[in-house]
Amino acid sequence: MGIPSCGRRDILSAVLPLIARQTRQPDEIYVCLSSPEDMDPSCTDMLACPVTVILSERGLCRQRNRILAAVNADIILFLDDDFLMAPSYLSELLELFVGKPDVAMCTGTVIADGIIGPGIAIDDGLEMIEAGLPWPDLPETFAPIYSAYGCNMAVRTDAIRRGGLRFDENLPLYGWLEDVDFSRLVAKHGRVVRSSKLLGVHLGTKKARTSGIKFGYSQIANPIYLMRKHTMSIRHATVQMARNLIANSVRVWNPEPWIDRKGRLRGNVRAFLDLLTGRLAPQNVERLE
């Protein structure tokens, strides 16, 4: 299991111990931090499995790649630091990969996602999972998907090794759409699916997220970069950009308290200007204020 985190000590230190609730414990957990201060070391005391802490430069793709360089396992499950798994998640995940050798990558079913709202408190997330526990009694369903959801995605390391795959570090900071890019690379080595039995809640914690203008720039720059790289189709990239641009343009007049719509729209415009002048690149966000 690999968990990258940066600047969210409280949330990581509260969520990490909850892995002890799993009916099947992970063999090992790798936590990649940008600073030792990003995690309370005592939060792992109740875990039955070894926990390895890795330090890395900040950046989701960089941190995931440091985890990939360190891990020695058949399956690696990447989780966001604010993702809560149902207690059966890991046991169901193992059963899936053992029983379906043609599956190279799998993501779960998110019962609730705080990323599209103000965020979900941990206690509320746990209650949602408890309410959703009857779901595993239903027949398992699989859906082939274009991309796994980065907050919870598991990959066979054999596919990673055969393809020499890594997360693209040209997608800096938050790494917007890095899950799409990586999923399309993995898809060359097996099926990418979503399972109805892998249940969880994505809290969508807002602390330490990328600024509005930087995120808005990535909303345009990253899809165009992936389209040029051929890991995102023209249709998917166009729909993604149009949806974000329209949302930012409309809601800038009455923005949600938890979203910097003005900053995102400024970032969108800056990216289009860079596109017109031939300077567009995802890495430009690191120079934006």
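The next subject is a nonpolar patch on the surface. A cluster of nonpolar side chains, namely Val269, Leu273 and Leu276, defines an oily patch on the protein surface of about 320 Å² accessible area. Locating leucine 276 in the fold gives a position in helix α9 (residues 261-276).

With that out of the way, let us pick up the environment of isoleucine 234. Looking at the element boundaries, isoleucine 234 is found in helix α8 (residues 234-251). Assessed through its relative accessible area of 60%, isoleucine 234 is described here as exposed. Each C-alpha atom, one on isoleucine 234 and one on isoleucine 224, is 8.6 Å from the other, the two residues being 10 residues apart in sequence.

Turning our attention to the packing of aromatic side chains. All chains considered together, the criterion is met by 5 aromatic pairs. Pairing phenylalanine 167 with phenylalanine 182 gives two aromatic rings, centres 3.9 Å apart and planes at 15°, and the pair type is stacked. With phenylalanine 167 in the loop between α5 (157-163) and α6 (178-186) and phenylalanine 182 in helix α6, the pair connects residues that are 15 residues apart, well separated along the chain. For the pair phenylalanine 167 and phenylalanine 182, one class covers both residues: buried. In this structure an aromatic cluster arises from ring pairing among Phe78, Phe167 and Phe182. Directly above the aromatic system of phenylalanine 167 lies the positively charged group of arginine 64, at a separation of 5.2 Å from the ring centroid.

In this section: the nonpolar core. Ranked by internal contacts, the top residues of the largest apolar core, which has 31 residues, are Ile76, Met105 and Phe182. Sorting elements by how many residues they give to this core places α6 first, with 4 residues. In this structure, Leu33, Phe83, Phe97 and Leu198 belong to the second largest nonpolar core, which totals 27 residues.

Within the fold, isoleucine 111 resides in strand β6 (residues 103-113). Exposure remark for isoleucine 111: the relative accessible area of 24% places this residue in the partly exposed category. Placed 29 residues apart in sequence, isoleucine 111 and aspartate 82 show a C-alpha to C-alpha distance of 14 Å.

Inspection of the secondary structure assignment puts arginine 62 in helix α2 (residues 60-70). In this structure arginine 62 comes out as buried when scored by relative accessible area, which is 16%. Reaching out from arginine 62, the side chain makes a polar contact with the side chain of glutamate 286 at a distance of 3.4 Å.

What follows covers the packing of α8 against α9. Between α8 and α9, the least distance of the axes is 9 Å, while the angle of their chain directions is 130°. The angle between the axes of α8 and α9 places the two elements in the oblique class. In this structure, the crossing between α8 and α9 has a hand that is left-handed. Between α8 and α9, the contacting residues are Asn244, Leu245, Ala247, Asn248, Ser249 and Arg251 on the first element and Arg261, Arg264, Leu265, Asn268 and Phe272 on the second.

Cut-offs applied
Residues numbered from 1 in each chain as written. Predicted model: local features only at pLDDT ≥ 70, side-chain atom pairs only at ≥ 80, totals over all residues. Heavy atoms only, no water. Patch = residues over 30% accessible without salt bridge, like charges linked within 9 Å, V, L, I, M, F, W, Y side chains within 5 Å. Areas by Shrake-Rupley, 256 points an atom, 1.4 Å probe, with all protein chains shown as cover. Salt bridge = Lys/Arg side-chain N within 4 Å of Asp/Glu carboxyl O. Helix = DSSP H or I, 4+ residues; strand = E, 2+ residues; numbered from the N terminus. Buried < 20%, exposed > 50% of the residue type's maximum accessible area, 1.4 Å probe, protein only. Phe/Tyr/Trp six-rings, centres within 6.5 Å; stacked < 30°, edge-to-face > 60°. Lys NZ or Arg CZ within 6 Å of the ring centre and 35° of its normal. Core = buried A, V, L, I, M, F, W, Y, C linked by side-chain atoms within 4.5 Å. Polar contact = N/O pair within 3.5 Å; in protein donor to acceptor, adjacent residues only side chain to side chain. Axes fitted to C-alpha atoms, helices over the stretch in contact; angles between N-to-C directions. Parallel < 35°, antiparallel > 145°, perpendicular 65-115°, else oblique. Left-handed = near helix turned anticlockwise from the far one by under 90°. Contact = heavy atoms within 4.5 Å.

In short, the description is geometric, and any link to function would need to be established separately.
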